[in-house]
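Coordinate inspection notes
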Amino acid sequence: MTFKSPDIPAHEGFAAPVLPTGELASSAGAFTKTFVGYQAACSCGWADQRRFPPTPEGTKETEYRWWSRHAAPLIAAAPPGELVTMSDLLCERIVNLAAERPLAALTLLSRLESWQRTLLDQAVAGARETGASWAQIGEAMGISKQSAHERFRAHVSS
């Protein structure tokens, strides 16, 4: 059984069988010997440290661990796929508009820039209110924590 989220497509969680040697089997069909438990794992290489019994309940616990320990923080930082698709489409259309009607593109880009500033300030404030560090904010924006702090500290109440 695998666990998936559309917002983190490069991550597929699973209950990895733990062999008697302590090694993880890559999948349930990858071994013929008896396994001694389950451990939450992900296709990206992440593996939880905690092991659970080889029971249906153990499988459920590994799923919970994958979601809570690995997937939840990734999902918190991943934009919804449909918005990424819409954003990419908007960018493509603006590139085409700029080639055909540059003044119309400038008008639209000016509007987007004003929305972007306000929305960035709101998103940073929201992230800080929910406990995100400046390092996490910087990482989400592709800048250093120092740059994020310098740029947004005046817009966020500490």
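In the block above lies the structure referred to throughout.
Residues numbered from 1 in each chain as written. Predicted model: local features only at pLDDT ≥ 70, side-chain atom pairs only at ≥ 80, totals over all residues. Heavy atoms only, no water.

Some thoughts on the state of the cysteines
- Going through the model one piece at a time under the given rule, you end up with zero disulfides.
- With no disulfide partner, Cys 44 has as its closest neighbouring cysteine sulfur the one in Cys 42, 3.7 Å distant.
- Residue class for Cys 44 comes out partly exposed when judged on its relative accessible area of 41%. (Disulfide = S-S within 2.5 Å. Buried < 20%, exposed > 50% of the residue type's maximum accessible area, 1.4 Å probe, protein only.)

Description of the nonpolar core
- Counting nine residues, the largest nonpolar core consists of Leu 120, Val 124, Ala 125, Ala 132, Trp 134, Ile 137, Ala 148, Phe 152 and Val 156.
- It is helix α3 (residues 102–129) that provides the largest number of residues to this core, a total of three residues.
- Setting aside chain neighbours within four positions, we find Val 124 in contact with Trp 134, Ile 137, Met 141, Phe 152 and Val 156.
- If you look at the next biggest cluster of nonpolar residues, it comprises seven residues, including Phe 3, Cys 42, Trp 66 and Ala 71. (Core = buried A, V, L, I, M, F, W, Y, C linked by side-chain atoms within 4.5 Å. Helix = DSSP H or I, 4+ residues; strand = E, 2+ residues; numbered from the N terminus. Contact = heavy atoms within 4.5 Å.)

Section: the sheet that holds strand β2 (residues 12–18)
- Spatial strand order, β1-β2-β3-β4: four strands in an open sheet with antiparallel pairing. Here the strands that pair on one side only, and so sit at the sheet edges, are β1 (2–4) and β4 (47–52). Recorded for the sheet is a direction-independent mean angle of 25 degrees between the axes of neighbouring strands.
- In the sheet, β1 pairs with β2 via three bridges, with the strands oriented antiparallel. The partner of Lys 4 across the bridge, within β2, is Glu 12.
- In the packing of helix α1 (residues 56–77) onto the sheet, the strands contacted are β1, β2, β3 (37–42) and β4, and the crossing angle to β3 comes to about 30 degrees. (Pairing = 2+ DSSP bridges. Axes fitted to C-alpha atoms, helices over the stretch in contact; angles between N-to-C directions.)

Some words on the pattern of salt bridges
- On inspection of all chains with the given rule, the structure shows three salt bridges.
- For Glu 12, the salt bridge goes to Lys 4, with nearest N and O atoms at 3.7 Å.
- Accessibility expressed as a relative area gives 30% for Glu 12, which makes it partly exposed.
- Looking at Lys 4, the relative accessible area reads 54%, which means it is exposed.
- Between Glu 113 and Arg 117 there is a salt bridge; the shortest N-O distance is 3.3 Å. With a gap of four residues between them, Glu 113 and Arg 117 both fall in helix α3, about one helical turn apart.
- Judged by relative accessible area, which is 41%, Glu 113 ranks as partly exposed. (Salt bridge = Lys/Arg side-chain N within 4 Å of Asp/Glu carboxyl O.)

What about the environment of Leu 109?
- Mapped onto the fold, Leu 109 is located in helix α3.
- C-alpha of Leu 109 to C-alpha of Pro 56: the two residues are 53 residues apart in sequence and 54 Å apart in space.

Concerning the pairing of β4
- Relative to β4, β3 runs antiparallel, the two being bridged by three bridges. Residue pairing for β4: Ala 41 is matched across the bridge by Ala 47.
- In textbook terms, the turn of a hairpin is the stretch between consecutive antiparallel strands, and for β3 and β4 this stretch comprises four residues, one of which, Gly 45, has a positive phi near 110 degrees.

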